[in-house]
Amino acid sequence: MSRLAIIVTICVVVLFLGSWIFKALQAQDAGVDHYLLRGFLVTCSAFLTLAILSFLYKDNPIYKFAEHLYVGISAGYWMSQGFWSTIVGNLIPRLSQSLSGFFKQPYNAGEWMGGFFYTNWVFYVPVIFGVLLLMRLSSKYGWISRWALAFIVGTTAGLQFIRYMRSDFIEQISSTFVPLLVDWQGIGHFFSNLSLSATGQLVAMVSNWIIFLGVLCGLIYFFFSKEHTGLFGKASRFGIWILMVTFGASFGYTVMGRVSLLVGRITFLFRDWLGITS
Amino acid sequence: MKPLLITVSLLSLMTAASFAQSDPPVEQPMATDSTMVASTPSITPPAPVSSLEAKDSPDDHGHSITLSWEPSADDGAGAATVTSYVIYHSTSPEGPFDSVGSAISGATTFTHSSAKESDAAGFLADYVDRYYRIDAVTADQTIRTPSSVVGPVQSSGQWYNDGRTPVAVAVAFFGLLSLFFLKRAKAGADLYVRPLGGIEAVDEAIGRATEMGKPILYVLGLGTASDISTIASFTILGRVAKRVAEYQTHLIVPCYDPIVMAVAQETVKAAYMDAGRPDDYKEDMVYFLTNSQFGYVGAVNGIMLRQLPATNVYMGKFYAESLLLAETGALAGSIQISGTDEVAQIPFFVVACDYTLIGEELYAASAYLGREPLLLGSLKAQDYAKAAVIICALLGALALNIAAASNATWGLTFKEFFKVTN
């Protein structure tokens, strides 16, 4: 470890401890319970925020520390969350009364479907597939896990196909049925009566034409089995222009959202940690 | 000093922004609700609702009863004293009746339903006789008039959903088209696919990585194995992995989802076997990072800056992390090829990557790369389906406008055919 690294580490530790003590004293004055913990959490959040922001300069050991901490904690958290919400919260209460009691979950016997069958028996399917997936851990029987993977990918792709067919195909067609000239009282009327209704009509008409032509030309751009030449190519060109204008608008909108996130984080640093703003 | 200056400048700017935001909230005086008038003793009981009907809700999975009625004569007319309707339910005509919901005055329908799980709140079991009654209620909650009891009615699920017939027709149409072109492709017909810049660049980028002796980073995004874009990405990954195996370059595939990781491992393994280099395949080429969106981004950004891959390929479903990844990759000097069907994220890839596959190009890329009859046939069918959409849109817009100009309603009937309900 170089001398510079040692100095930086000492500075960071001292600053952290100083901030912790200061925030804890502040919390104690404010009558907060567990003021030591409160001071630690605020300081920790602030230092981790700064550690992540330090990536703006370049990759560095402080960022690496924050990154590994984040990845490790989040991976552990989601695994724990998956176990307690999916297996303990949803599966066990439907399959085993004794295990439900062990985990203090209310047992759900399901509905009787006639004969020997209960609705809850369907939950054995994910159990079986889960076991099949775990077979990956075995070098000899790892291939069995492909059955579960094939089922997951195939079934969900089929289900998604119906959803896409509805939202991106059928509903897209009917959304393109728009009035293009109806109710339009003519350009002469527009100029002689600059009323709101006439302007509104013009805007609506232009908007409908953009939707109509935009959809048609956008679709033409996504034709893959025909060369984009001649009139077809021009329509395709117009389609990609429409797409690019849409992306530009979307870009600006989303960037504004990101800036508001940054403002939120900086507000935390200045208000909750440094206490400069109120 | 440089990082300090940058940080101080950034924080100063943001402080100014936060000050600008920190106006104290203005306390609003409590609004006076003119309807909160004490009940007057002069209210007379309103007329009851009429023509009350209870039917099993159509086109559903069961566990739902739909009630319809004619409003009370005092709802918006007559004495105009009805403020709401309270719906009561029982499994016996004699009662006791329990309230299961309410509807505002003017309403004529109500759906009594529950989730299909037997432990759901207010679970409504199928095939059980049920009886309903509706009270027309005045501002004074105690002054109300019950309707007659209707029933018995039972809820049940239906096997076929009439409201989704257009989807069934579309699926059948697309299925037949796919089968037709699949047959043609298998018979050896030459099905043309126009070149896609982003995909053509993949081979070039892999060659560059080989020359530089640097790895290739393949990011499958945040989608699960059920997302169509992730499935398309697996096909592209297979092609990239095969070429990587042939060139003996190193491949890194960090994953966000454990199932995606398992499928990606199988895909890469199969690609290495296809390339005749099964021994070069290593399990740790494809690995799981974390299920946390920004934890994943942080880790991938770290990989980009520490391992300096020559090429970054982003294919699949991306959300807010798209720009963070692509910007870091650009800073690291990697060639970047991206593709996603997330419309909101495409702009970020367009500005920060060298090549971007927009929306459906991602799906076409897998067919373009694989050249398998199944994929080519499906691609050709998609093009014909798009042609059908264009024809329908033209006809529909024409019909709507001609019909509207002549004050006819048949134009709307054409539109109704494409309406999917429930």
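No experiment lies behind these values; they were computed from the predicted model shown.

Regarding the overall build of chain A
- Of regular secondary structure, chain A possesses nine helices and two strands.
- Ordered by position from the N terminus, the helices and strands of chain A form the series α-α-α-α-β-β-α-α-α-α-α.
- Buried residues in chain A amount to 29% of all 278 residues.
- Considering only residue pairs separated by 6 or more positions, chain A has 34% of its internal contacts joining residues 24 or more positions apart.
- Total accessible area on chain A stands at roughly 17,700 Å², and carbon and sulfur atoms take up 72% of it.

Quick word on the overall build of chain B
- Looking only at helices and strands, chain B has eleven helices and 14 strands in total.
- Looking at the 422 residues of chain B, the share that counts as buried comes to 50%.
- Considering only residue pairs separated by 6 or more positions, chain B has 66% of its internal contacts joining residues 24 or more positions apart.
- Approximately 20,000 Å² of chain B is accessible, and the part contributed by carbon and sulfur atoms is 59%.

A word on a nonpolar patch on the surface
- Together, W112(A), F117(A), Y118(A), W121(A), Y124(A) and I128(A) make up an exposed nonpolar region whose accessible area comes to about 700 Å².
- For the nonpolar patch, the elements supplying multiple residues, two or more each, are β2 (117-118) and α5 (124-134) of chain A.

Quick word on the nonpolar core
- Of all hydrophobic cores here, the largest spans 66 residues; its most connected members are Y218(B), L220(B), L251(B), V268(B) and Y272(B).
- Discounting residues that sit within four places of it in the chain, L251(B) has contacts with I216(B), Y218(B), L237(B), V240(B), A241(B), V244(B), V268(B), Y272(B) and M285(B).

Some thoughts on unusual backbone geometry
- With phi around 55 degrees, K104(A) is a residue other than glycine that occupies positive phi space.
- Within the secondary structure, K104(A) is located in the loop between α4 (97-102) and β1 (112-114).
- Located in the positive-phi region is H63(B), a residue other than glycine, with phi close to 60 degrees.
- Mapped onto the fold, H63(B) is located in the loop between β1 (50-56) and β2 (64-70).

Structural notes on the sheet that holds strand β11 (residues 286-288) of chain B
Residues and elements named next belong to chain B.
- Taking strand neighbours across the sheet as the criterion, the six strands line up as β11-β10-β9-β12-β13-β14 in an open arrangement whose pairing is parallel. Each edge of the open sheet carries a strand with a single partner, namely β11 and β14 (355-358). Sheet twist, expressed as the average angle between the axes of neighbouring strands with direction ignored, equals 15 degrees.
- With five bridges connecting them, strand β9 (residues 216-221) and strand β12 (residues 311-317) associate as parallel partners. Each residue of the ladder has a partner; that of Y218, found in β12, is V313.

A short note on the pattern of salt bridges
- With the rule as written, the count across this model stands at 17 salt bridges over all chains.
- Notably, a salt bridge pairs R271(A) with D272(A), separated by 3.1 Å at the nearest N-O pair.
- Overall, R271(A) belongs to the partly exposed group, its relative accessible area being 42%.
- A salt bridge links K55(B) to E53(B); its shortest N-O distance comes to 3.5 Å.
- Salt bridges linked by common partners bring D203(B), R239(B), R243(B) and E246(B) together as one network.

Some thoughts on the interface of chain A and chain B
- Taken together, the 73 residues of chain A in the interface contact 89 residues of chain B.
- In total, about 7,100 Å² of surface goes out of reach between chain A and chain B, with carbon and sulfur atoms giving 72% of it.
- Ranking the residues of chain A by area buried against chain B places F177(A), F224(A) and F247(A) at the top, with a combined share of 12%.
- Linking chain A with chain B are four salt bridges, by the criterion used here.
- In this structure, R146(A) engages E266(B) in a salt bridge whose closest nitrogen and oxygen atoms are separated by 2.6 Å.
- Summed over the shared surface of chain A and chain B, the number is 18 residue pairs in polar contact (both at pLDDT 80 or more).
- Of all the secondary-structure elements, those providing two or more residues to the side of chain A that touches chain B are α3 (61-95), α6 (145-175), α8 (196-221) and α9 (230-273) of chain A.
- For the side of chain A that touches chain B, the element with the highest residue contribution is α6(A), accounting for 18 residues.

Quick look at helix α2 (residues 35-53) of chain A
Residues and elements named next belong to chain A.
- A rise of 1.5 Å per residue sets the reference length of α2, with its 19 residues, at 27 Å; its end C-alpha atoms lie 27 Å apart and thus fit the reference within 8%.
- Taken residue by residue, α2 has G39, V42, T43, A46, F47, T49 and A51 as its buried positions.
- On its buried face, α2 is in contact with α1 (3-29), α3 and α9.

Details of helix α5 (residues 258-274) of chain B
- Here α5(B) is 17 residues long and its end C-alpha atoms lie 24 Å apart, about the 24 Å a rise of 1.5 Å per residue gives.
- Looking at the buried side of α5(B), the elements it contacts are α6 of chain A together with β9, α4 (228-247), β10 (251-255) and β11 of chain B.
- Phi turns positive, to about 80 degrees, at G276(B), one or two residues after α5(B).

Examining the packing of α6(A) against helix α2 (residues 165-186) of chain B
- The N-to-C vectors of α6(A) and α2(B) enclose an angle of 100 degrees; their axes lie 10 Å apart at closest approach. When the interaxial angle is binned, α6(A) and α2(B) end up roughly perpendicular. Facing α6(A), whose interface residues are F161(A), I162(A), M165(A), R166(A), F169(A) and I170(A), α2(B) presents P166(B), V167(B), A170(B), V171(B) and F174(B).
- Considered class by class, the residues forming the contact of α6(A) with α2(B) number ten nonpolar, no polar and one charged.

Points about the packing of aromatic side chains
- This structure, assessed with the given rule, holds 27 aromatic pairs over all chains.
- Here the aromatic rings of Y221(A) and F222(A) are separated by 5.0 Å at their centres, their planes lie at 80 degrees, and the arrangement is edge-to-face.
- Among the residues examined, Y221(A) registers a relative accessible area of 13% and is labelled buried.
- Between F251(A) and F348(B), the ring centres sit 5.1 Å apart and the planes meet at 50 degrees, which makes this aromatic pair tilted. Linking F251(A) in helix α9 with F348(B) in helix α8 (residues 346-352), this pair reaches from one chain into another.
- Look at F348(B) and you get buried, because its relative accessible area is 0%.
- Here a set of aromatic residues connected by ring pairs shows up, and it is made of F16(A), W20(A), F40(A), F47(A) and W273(A).

Re the environment of Q345(B)
- Of note, Q345(B) is situated in the loop between β13 (335-340) and α8.
- As for Q345(B) and S322(B), which are separated by 23 residues in sequence, their C-alpha atoms are 6.4 Å apart.
- If sequence neighbours within four positions are ignored, Q345(B) has contacts with R258(A), F318(B), Y319(B), A320(B), S322(B) and T340(B).

Some words on the side chain of D74(B)
Residue and element names in this part refer to chain B.
- Summarising the element assignment, D74 is placed in the loop between β2 and β3 (82-90).
- Nearest to the buried, unbridged D74 among oppositely charged side chains is R144, at 14 Å.
- Engagement of the side chain of D74 in a polar contact is seen with the backbone nitrogen of A47, the distance being 2.8 Å.
- Contact partners of D74, with chain neighbours within four places excluded, come to P45, P46, A47, A79, A80, T81 and V82.

Some remarks on the pairing of β13(B)
Residue and element names in this part refer to chain B.
- Burial of β13 is extensive: six of the six residues sit out of reach of the surface.
- On β13, burial covers both faces: I335, I337 and G339 on one face and Q336, S338 and T340 on the other are all buried.
- The sheet contact formed by β12 and β13 spans five bridges and is parallel. Within β13, the position partnered with Y314 by the bridge is S338.
- In this fold, the crossover linking β12 to β13 by way of helix α7 (residues 321-331) has right-handed handedness.
- Summarising the sheet, β13 and β14 pair through four bridges and their orientation is parallel. Counterpart to T340 in the pairing with β14 is I358.

About the thresholds
- Residues numbered from 1 in each chain as written.
- Chains lettered and ligands numbered in written order.
- Predicted model: local features only at pLDDT ≥ 70, side-chain atom pairs only at ≥ 80, totals over all residues.
- Heavy atoms only, no water.
- Helix = DSSP H or I, 4+ residues; strand = E, 2+ residues; numbered from the N terminus.
- Buried < 20%, exposed > 50% of the residue type's maximum accessible area, 1.4 Å probe, protein only.
- Contact = heavy atoms within 4.5 Å.
- Areas by Shrake-Rupley, 256 points an atom, 1.4 Å probe, with all protein chains shown as cover.
- Patch = residues over 30% accessible without salt bridge, like charges linked within 9 Å, V, L, I, M, F, W, Y side chains within 5 Å.
- Salt bridge = Lys/Arg side-chain N within 4 Å of Asp/Glu carboxyl O.
- Core = buried A, V, L, I, M, F, W, Y, C linked by side-chain atoms within 4.5 Å.
- Pairing = 2+ DSSP bridges.
- Axes fitted to C-alpha atoms, helices over the stretch in contact; angles between N-to-C directions.
- Buried area = accessible area lost by both parts, 1.4 Å probe.
- Polar contact = N/O pair within 3.5 Å; in protein donor to acceptor, adjacent residues only side chain to side chain.
- Expected span 1.5 Å × (residues − 1).
- Parallel < 35°, antiparallel > 145°, perpendicular 65-115°, else oblique.
- Nonpolar A, V, L, I, M, F, W, Y, C, P; charged D, E, K, R; others polar.
- Phe/Tyr/Trp six-rings, centres within 6.5 Å; stacked < 30°, edge-to-face > 60°.
- Lys, Arg positive; Asp, Glu negative; His and termini not counted.
- Right-handed = clockwise from strand over helix to strand, strands pointing away.

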